[in-house]
Each structure stands twice: as C-alpha cells, then as structure tokens.
Amino acid sequence: MSSSSPTSFSSNILVYLQCYFVTIAYTLGTGILGLPVSLARAGLTPLLLMLTICLLTQIISIIFVTDALQKLVYIQLHGEPVEDNSKKDVKESYDRIPLAESSVTDESCFSDVDSAEERSLFSKTESSSDEMPAVNIFILAKVFLPKILSCASTMNFLFYFSVAGISYALAGSQAYAEVFHINSALTVTPFFCWLLNLLAVFGRKLVSPLVSVLTLFKGSLLLVAVIIAFAVSTTIHNKITSNFQYIQDTYLIVTVAIGGAYLTLPFLFTKINYVEHEVRYFRLSVTFGLITVYILEILWCWATLDVVPQIDPCSVSLSQTNNGTYCLPPDYTLQSAAENGEISTIPFTKVINLVYPQYRWIATLISLFIMVSITVSYLYNATVLAHTVEGVIASWWKESWNKSDFMEVKCQNVTSSLANIVFLSVIFIVAMFNPKSFVEVVEKLMSFAANFGLGFFMSIIVWKCTSGKYRDLDVPLPLSKVQIHLQYIVIVFFMTASIYDIVVWISESV
C-alpha cells in the first residue's frame, strides 16, 4: 500500500475481508444443499469438471465487471469519451476519491441530518471533481446499453433479486420453524422477512459486518459437518461411481451453486477508493471468496457421497457387520431425494441417525447451518435489491426534477425507501401464500435469470467496454490484451446454460 493512502492498513484489510466474506455469504446459499442431490447418476468426477469450468468463467466475469465499473466511474466524472481523445491522465486528480462516501444509496434513507455528500451529489455538474458518482447495476446498464436493453436488463436483475428473495423467504421460514419447533412456517414468515427487510433498507451500514460474522459462523458449521461426515465414512464404505454420460445433470445446478457473485460487485465497489492497488485487492478478495465457496462445495459433495448411496441402498458396507454388506432403506439415497425434491441434508441425516445414532446432534448442526445460511442470503439479497432500486429512483428523480435543494434530496430518499418497501412487500406476500409448487419454478427462474443476465446483458456491456472509444480509458486497473479475449468464454458458457435451461424446461413440460 502506498504511503499516500488516507486510510490505515488495518481499515483497508477490514474492507477486503468484508468483500471476501460477503462474496461467500451471497454465493454459498441454498445451492450447496441441492448440489449433491444432482450427483445420483453423474457422481463426483463430472461435478469437479463442471464446477471448475464454472469457477473459471465466474472469475473471468469478475475481472470484466470490475473493469466495467471502473469505466462507469470514469464516464460519470468526465462524460462520454471521444474516439481520438479517450486517454486522459486523471489518476493524479482522482486517486483519493472514496467511492463509499459519495453514493446516497449506501446510507440509510432516513437519516436525521442529510450529509454534505448526499446534498452535493445532486448539484454535481459534469465538470465537478469533488464527489464520486453513484455505482449500481442500473446505472451500469443505462450508460453502456441502448435504452430498450437497459430497461430489459434492469427488469431482469430486479426479477432475479425478487425471485431469489421469495425462495429464501420460503426456505428461511421453514428452517426457523424446524429449529424452534414451531408448527407453522407461516407464523415465522412475517418476523423473518420484515426484520431483515428493515435492516436492509434502513441499517445498510450494519449489513456487511453482520454478514461477515454470520458467514464465518456458518462456514464453521459446514466444516464441522464435513469433518463428521468424513469420520463416519471410514466406517460406511460407500462406493462412489462417476458417469460422464450424465454430466448434464450438474450443469444448471452448478451455475446456481457458484454463480451470482457478479451481482454483488457494484455494491461492494462503493466501499473502496478509485486507485489501482485497492481495485486490485478488491478483485482478489472477491475471487478468493469464490474459490473458498468452490472448495467448500467440493468437500460437502464429497462427504455426502461418502455417506449417502447414490442409487443402490445396498451399495454400502459397514465395518461392524460380519459379511461386510448392509442395505439401507430405499429412501436413503440421493436418487430418492432428487425424486422427492429433498435437499441433500435430509438423506444425509437419515443415514447418520440410523448407522451412527451417537452423531444425531449433527442434524441440529445442519439445521443451524441452513438457518444461518438462508438468513445471510436473504439479508444480502434484500440489500442488493434495495441498492438497485435506489439507483433507479435516483436516476429517474434527477431526470424528472433536476433540482438539488435539501428538500428535494429528502423527498428522493423517502421515495427510494417507499419503493424498496413495495418490492420487499411483494416478496413477503408471495411467501405468505407459501406455494409449494412454486419452489421448483423458482429454482429454474433463478438459474435462467442469472445465466441470461451474465451471458447476454453483461456480455454486451463488457463488449462495449473492451472496444471502440471505451477500450483505452485511463482507469486504475486496465485489462491486458490477453484478458480482453477471454470475454467470449463467458458469453458461450452462460448463453449455452440459458438455452439449455429453456430446453430442459420445455422438455419437462411436454
């Protein structure tokens, strides 16, 4: 770190750690719980291949989205570049402009006293260099996409956040009801949704530290469960079979289990300064968070396959049996879990309770993991949704009113908060109806919305940022010539996933 940094090294480390843990929190959601169930026919080796490919494409997407965010900041500070004058030496002037201090969307909308940064944001002209403009997904799409595609992109991402919120609300209510032995999950839903909704809208500063602590806790719970599973597997000699003929079984679930990290980048980007070393460390923090998720998911799938039979309940052998063979009940397999729509923890705890009753406490441990995991996922999903909605309101307000006085800023804050309440209320109302057939649809919609958002909308943004007048903008951390050509890997992988998602949906509906 350079000596000119206005913040201490320790405070920067805390920011990078928050980026690391928030990435894990958002990515390590309920996808990991359904991942082993998809391995009934495919096995571990095809999963490793698909998971590794998906990890690489996600890391590439992080590199490109970070570059797009840098160029968004440049354009908002200096206006649209021209073809023959796209390189400007601005690093000296803007090296120390903090992103976090300038965005009104990063603070609580109902503060008692509006900060000077909030008031000056709306009086800033194109030539102003005192504040850093807001950064969010909506503005990113608005700057780099045509108007129609920009609107479609915003609708796609808002739709994704809403569907994800409904999924987490349904799963979270059930998890809390199970842990606290409440008969009806609907009794929990209002408390679960609105406590987290209010925190996401009005307690934005508390979200990242809270998410970081809860992520560390839930990661520890998962590691304990994995260690117990490997310990039990030394007695349960379950043969793991792999078959690449069924590799497609893991395709879509992998994109959900390790996907979506790029959606958190605009919000996290506001927490760093517009300088090379901080952008580099920011990108590394998010990348290492994604790699950690990759490792945890492999360990969990491996541990589950070591304990739970894939298809044949008689494929296990126990050390304590005389003949070395043992048949579990038919519903104690991953194939049975997949057919019944169960997550992987259900057959896992069944086997543990039957074969090793002294480890029954692991069921409680896994229930706590699910509860904390869904809580973190819902909270951060609601936060990113609120951040995006506020970006839409801020843009509309500035275009419609174009005023900068104190009361206008206050009215905009109130409007943003009300809009967030409306979106979050929709999530709550749908969750209260508790549509049981909705869960399967939610999983497919989440997969398609995330893959299409990255494979189509974000790919167009990346293509524009790496070509023409945007290619050589003097941003803190520019792309290398080799990195630029990697964008086509992202386009092919995620557009193929989107098309495959549609094909599977149609084939299942026929």
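Above this text sits the structure in question.
The present account deals with the structure reproduced in this document.

### A closer look at the overall build of the protein chain
Looking only at helices and strands, the protein chain features 21 helices and two strands. Expressed as a percentage of the 510 residues in the protein chain, the buried residues total 56%.

### As for the nonpolar core
F161, I258, F348, Y378 and Y380 are the most contacted members of the largest nonpolar core, which has 146 residues in total. With 19 residues, helix α4 (residues 44-78) is the largest single contributor of residues to this core. Sequence-distant contacts of F348, that is, excluding residues within four places in its chain, are made with A225, A229, W300, A303, T304, V307, V308, I362 and I366.

### Here's the deal with the pattern of salt bridges
Applying the stated criterion to the full structure yields four salt bridges. Taking the shortest distance from any N to any O, the salt bridge between D67 and K71 comes out at 3.2 Å. Placement of both D67 and K71 in helix α4 is noted, with a separation of four residues, approximately one turn of the helix. An identical accessibility class is assigned to D67 and K71; each is buried. Note that K350 is salt-bridged to D331, the shortest N-O span being 3.4 Å. With K350 in helix α16 (residues 345-355) and D331 in the loop between β2 (316-318) and α15 (334-339), the pair connects residues that are 19 residues apart, well separated along the chain. On the basis of relative accessibility, which here comes to 32%, the residue D331 falls in the partly exposed class.

### Some points on the side chain of T287
Within the secondary structure layout, T287 lies in helix α14 (residues 276-307). Ignoring sequence-local partners within four residues, the contact set of T287 consists of I59 and I62.

### Notes on a nonpolar patch on the surface
On the surface, a cluster of nonpolar side chains totalling about 240 Å² of accessible area is made up of I13, L14 and L17. Structurally, I13 is set in helix α1 (residues 9-27).

### Examining the side chain of R283
Along the chain, R283 turns up in helix α14. Buried within the structure, R283 lacks any salt-bridge partner; D67 is the closest side chain of opposite charge, at an N-O distance of 7.0 Å. Ignoring sequence-local partners within four residues, the contact set of R283 consists of I62, I63, T66, L477 and Q483.

### Here we look at the packing of aromatic side chains
Across all of its chains, the model carries 20 aromatic pairs by this definition. Ring centres 5.1 Å apart and planes at 10° place the aromatic pair F452 and F456 in the stacked group. One end of the pair, F452, and the other, F456, are both in helix α19 (residues 438-465), four residues apart, so they sit about a helical turn from each other. Judged by its relative accessible area of 28%, F456 is partly exposed. Plain terms: the ring middles of F452 and F457 are 5.5 Å apart, the flat faces sit at 90° to each other, and that makes the pair edge-to-face. Taking the relative accessible area as the measure of exposure, F457 reaches 4% and is therefore buried. Every member of this aromatic cluster is reached through a ring pair, and the members are Y176, F180, F192 and Y378.

### Some words on the packing of α4 against helix α21 (residues 487-509)
The packing of two helices is summarised by the inter-axis angle and the distance between the axes. α21 packs onto α4 with a crossing angle of 125° between their chain directions and a minimal axis gap of 9 Å. By the criterion of interaxial angle, the relationship of α4 to α21 is oblique. Crossing geometry of α4 relative to α21 is assigned as left-handed. Across from M50, I53, C54, T57, Q58, I60, S61 and F64 in α4, the residues of α21 making contact are Q487, I489, V490, F493 and F494. Here the residues of the contact of α4 with α21 sort into nine nonpolar, four polar and no charged.

### Topic: the packing of α4 against α14
α14 packs onto α4 with a crossing angle of 165° between their chain directions and a minimal axis gap of 10 Å. By the criterion of interaxial angle, the relationship of α4 to α14 is roughly antiparallel. Handedness of the crossing formed by α4 with α14: right-handed. Classifying every residue of the contact of α4 with α14 by side-chain character gives 18 nonpolar, five polar and two charged.

### Side note on the environment of I291
Summarising the element assignment, I291 is placed in helix α14. Along the chain, I291 and I258 lie 33 residues apart, while their C-alpha atoms are 9.3 Å from each other. If near-sequence neighbours (up to four positions away) are discounted, I291 is found in contact with L55 and I59.

Basis of the calculations
Residues numbered from 1 in each chain as written. Predicted model: local features only at pLDDT ≥ 70, side-chain atom pairs only at ≥ 80, totals over all residues. Heavy atoms only, no water. Helix = DSSP H or I, 4+ residues; strand = E, 2+ residues; numbered from the N terminus. Buried < 20%, exposed > 50% of the residue type's maximum accessible area, 1.4 Å probe, protein only. Core = buried A, V, L, I, M, F, W, Y, C linked by side-chain atoms within 4.5 Å. Contact = heavy atoms within 4.5 Å. Salt bridge = Lys/Arg side-chain N within 4 Å of Asp/Glu carboxyl O. Patch = residues over 30% accessible without salt bridge, like charges linked within 9 Å, V, L, I, M, F, W, Y side chains within 5 Å. Areas by Shrake-Rupley, 256 points an atom, 1.4 Å probe, with all protein chains shown as cover. Lys, Arg positive; Asp, Glu negative; His and termini not counted. Phe/Tyr/Trp six-rings, centres within 6.5 Å; stacked < 30°, edge-to-face > 60°. Axes fitted to C-alpha atoms, helices over the stretch in contact; angles between N-to-C directions. Parallel < 35°, antiparallel > 145°, perpendicular 65-115°, else oblique. Left-handed = near helix turned anticlockwise from the far one by under 90°. Nonpolar A, V, L, I, M, F, W, Y, C, P; charged D, E, K, R; others polar.

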